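Listed here are the chains, written in short residue letters.
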Amino acid sequence: MTIVALQQEDSGSARATTSKQAARAVDPRNGHVEQNPVIEGCEFVYENTDLVRVDDDGVEAAAEYIHHKMLCESYSPRTWRAHPLHIMPDDTKSLHDPANVRVLDWIFLISSLNFSFWSEREGTEARYGVKWQESWTDTRPKVFTGYWSLVAALNRALSEGIPIIDPKFYADKEACPDELIAHVFRRAPQSEEDIPLLQERINIMRENGRILCEQFGGSFAGFIDAFHARHSKPGTALDLVKMVTVTFPSFRDETVFEGRRVCIWKRAQILVAELWAAFFPDVSSEGWTSSISPATHPISPPSALSDKPTRSTSSSPQTINGENNSNPSTSASTTSTSLPHPLFPGPRGPAIGSLTMFADYRVPQVLHHLRILQYSPALERMLREYAYLANGSKEEVALRAGSVLAVERVREAIERRVAVRNSMMGGEKTEGKRGDAPESERGGNIEVSSVLIDFYLWDLAKRVESGAERIEGIETAEVLPAHRTRSIWY
């Protein structure tokens, strides 16, 4: 295999990494017995372009930094429930309870529309934003931008009595006309632009709603039932991703690169990761009882969700910058538990380690900042000049493929680090043990997945962008502009 060396204009040089080195090995611990086809396609792109390289030294340094931070911050799938805009499942009830069916529909619609939030007016009040409230229980006004504008818009509609997450409703052009959907996504008073690709979002709502109504009884819960029936319960996260991409064309994030089909499946994988985290069993207690009792639940769904009413210090409107489409608040790991996952009750469980990172435009930016990715001089110039990269172009596909393989390399480096520490501890698993681990790294039982790394990197990118955090202790590169591609895929 030929390695294409990366030529740089400065005196530094990136250590080129082949895609085969970046490929994932079988991981029996996570039930990974089948390679995600996303990996194979990204390997092919990586081998046949010289625009993006994975830097070995950057991977090692960043892996240590990321692992330390994740341990300190105790990332867990249950962290998904900590965000004030999320609607919570009820662990005390079955997956088919109306409250949980609504959560499934809510997550599905958000994942269906989770794309293209970047703005030419980034950093100003003129960019598209949605004015709602701090949380379900805090009515102080707040303006949300980026990804969170989508969540806020749907929540606002629900609070106004519009059943926008019901597939039977949004599939019906008479009950839910285009004008009503446009109203749901109406911009904040100070915004000077509307949500990007509004008509494409409406088309996706119609198509996905129709599919659910015609084939799955009018709810995403019906789709989950079909998934369980198809796999006789043992289906994994990757199995669910594949079924999503086969069933819903708008999740089929694929391209043809030099005559070969390349799957990236960004939103399909996010959908499954969201479901996995949202319904992850509470490992802090026995059985299926939530750590938050229903009586003291901090997030009560609005009355629009059921027949019965079932999270700043300033009272002035605020803006939160949340652009990107990976769900940023979802902090997920493959934390081991003997409790069955309701969506993946089979003996293999979710096998979440089979999923890759979610290739968008924000995570590649922070991967370059961490010196995990290196760009060719030509690509770097394009980014600095805010050049538009067409969907499917060589540059755009190379950025996404390189990002997938880069996170795989980081995951592998973290696993090596854990193995070394385990060896020093006499072969025992040290993640989550109090033992002799450094005080700053005594955290939860974390088995790192690419999903978890992606969520952490997205959060980190937003904190760095806002100035809330600076990366210290490792060498970083200048923060380049995120690449600009307008599409429904991310």
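Keep in mind the model is a prediction, meaning the values are calculated, not measured.

(A) Just the overall build of the chain, in detail. For the chain, the count of helices and strands is 15 helices and 7 strands. Classification of the 490 residues of the chain by burial places 58% in the buried group. For the chain, the computed accessible surface area is about 18,900 Å², with 49% contributed by carbon and sulfur atoms.

(B) Expanded view of helix 9 (residues 220–231). With 12 residues, helix 9 extends 17 Å from end C-alpha to end C-alpha; this agrees with the ideal 16 Å at 1.5 Å per step. Of all the residues in helix 9, the buried ones are Phe220, Ala221, Gly222, Phe223, Ile224, Phe227 and His228. The inward-facing, buried residues of helix 9 contact helix 4 (98–112), helix 8 (198–215), helix 10 (237–247) and helix 11 (266–278). Two residues or fewer past helix 9, Ser232 is found with a positive phi of approximately 50°.

(C) Expanded view of the packing of aromatic side chains. Scanning the model with the defined rule gives 16 aromatic pairs in all. Pairing Trp276 with Phe280 gives two aromatic rings, centres 5.6 Å apart and planes at 85°, and the pair type is edge-to-face. When its relative accessible area of 5% is taken as the criterion, Phe280 is described as buried. Look at Phe358 and Phe455: their rings are 5.5 Å apart centre to centre, the planes differ by 55°, and that puts the pair in the tilted class. Here the residue Phe358 occupies a position in the loop between strand 6 (319–320) and helix 12 (363–369), and Phe455 occupies one in helix 15 (residues 450–466), the gap between them amounting to 97 residues. Residues Phe358 and Phe455 agree in their burial class; the two are buried. These aromatic residues form a ring-pair network of at least three members: Phe108, Phe216, Phe220, Phe223, Phe248 and Phe251. Above the plane of the ring of Phe115 lies Arg201, whose end atom (NZ or CZ) is 4.2 Å from the centre. Between the NZ or CZ atom of Arg486 and the centre of the ring of Trp118, over which it lies, the distance is 3.8 Å.

(D) The arrangement of the pairing of strand 5 (residues 260–263) in detail. Of the strand pairs in this sheet, strand 4 (residues 254–257) and strand 5 are connected by 4 bridges, and their pairing is antiparallel. Bridge assignment links Val256 to a residue of strand 5, and that residue is Arg261. Here strand 4 hands over to strand 5 after 2 residues, with Glu258 in that stretch at a positive phi of 50°.

(E) Just the nonpolar core, in detail. Ile66, Ile164, Phe185, Phe223 and Leu457 are the most contacted members of the largest nonpolar core, which totals 139 residues. Tallying contributions element by element places helix 14 (residues 394–424) first for this core, with 12 residues.

(F) Representation of the side chain of Asp239 within the structure. Within the secondary structure, Asp239 is located in helix 10. Residue classification places Asp239 among the buried residues on the basis of a relative accessible area of 13%. One polar contact links Asp239 to Arg348, side chain to side chain, over a distance of 3.3 Å. In contact with Asp239, other than residues within four places in its own chain, are Phe227, His231, Pro234 and Arg348.

(G) Representation of helix 5 (residues 147–159) within the structure. Between its terminal C-alpha atoms helix 5 stretches 19 Å, which fits the 18 Å expected from 13 residues at 1.5 Å a residue. Of all 13 residues that make up helix 5, 12 are buried, and the element is covered over most of its length. Once helix 5 finishes, Gly161 follows within two positions and takes phi at roughly 90°, a positive value.

(H) Examining the pattern of salt bridges more closely. Scanning the entire structure with this criterion turns up 28 salt bridges. As a salt-bridge pair, Arg411 and Glu408 come within 3.2 Å of each other at their nearest N and O atoms. Taken together, the residues span about one helical turn, with Arg411 and Glu408 both in helix 14 at a distance of 3 residues. When its relative accessible area of 4% is taken as the criterion, Arg411 is described as buried. Accessibility expressed as a relative area gives 0% for Glu408, which makes it buried.

Analysis parameters
Residues numbered from 1 in each chain as written. Predicted model: local features only at pLDDT ≥ 70, side-chain atom pairs only at ≥ 80, totals over all residues. Heavy atoms only, no water. Helix = DSSP H or I, 4+ residues; strand = E, 2+ residues; numbered from the N terminus. Buried < 20%, exposed > 50% of the residue type's maximum accessible area, 1.4 Å probe, protein only. Areas by Shrake-Rupley, 256 points an atom, 1.4 Å probe, with all protein chains shown as cover. Expected span 1.5 Å × (residues − 1). Contact = heavy atoms within 4.5 Å. Phe/Tyr/Trp six-rings, centres within 6.5 Å; stacked < 30°, edge-to-face > 60°. Lys NZ or Arg CZ within 6 Å of the ring centre and 35° of its normal. Pairing = 2+ DSSP bridges. Core = buried A, V, L, I, M, F, W, Y, C linked by side-chain atoms within 4.5 Å. Polar contact = N/O pair within 3.5 Å; in protein donor to acceptor, adjacent residues only side chain to side chain. Salt bridge = Lys/Arg side-chain N within 4 Å of Asp/Glu carboxyl O.

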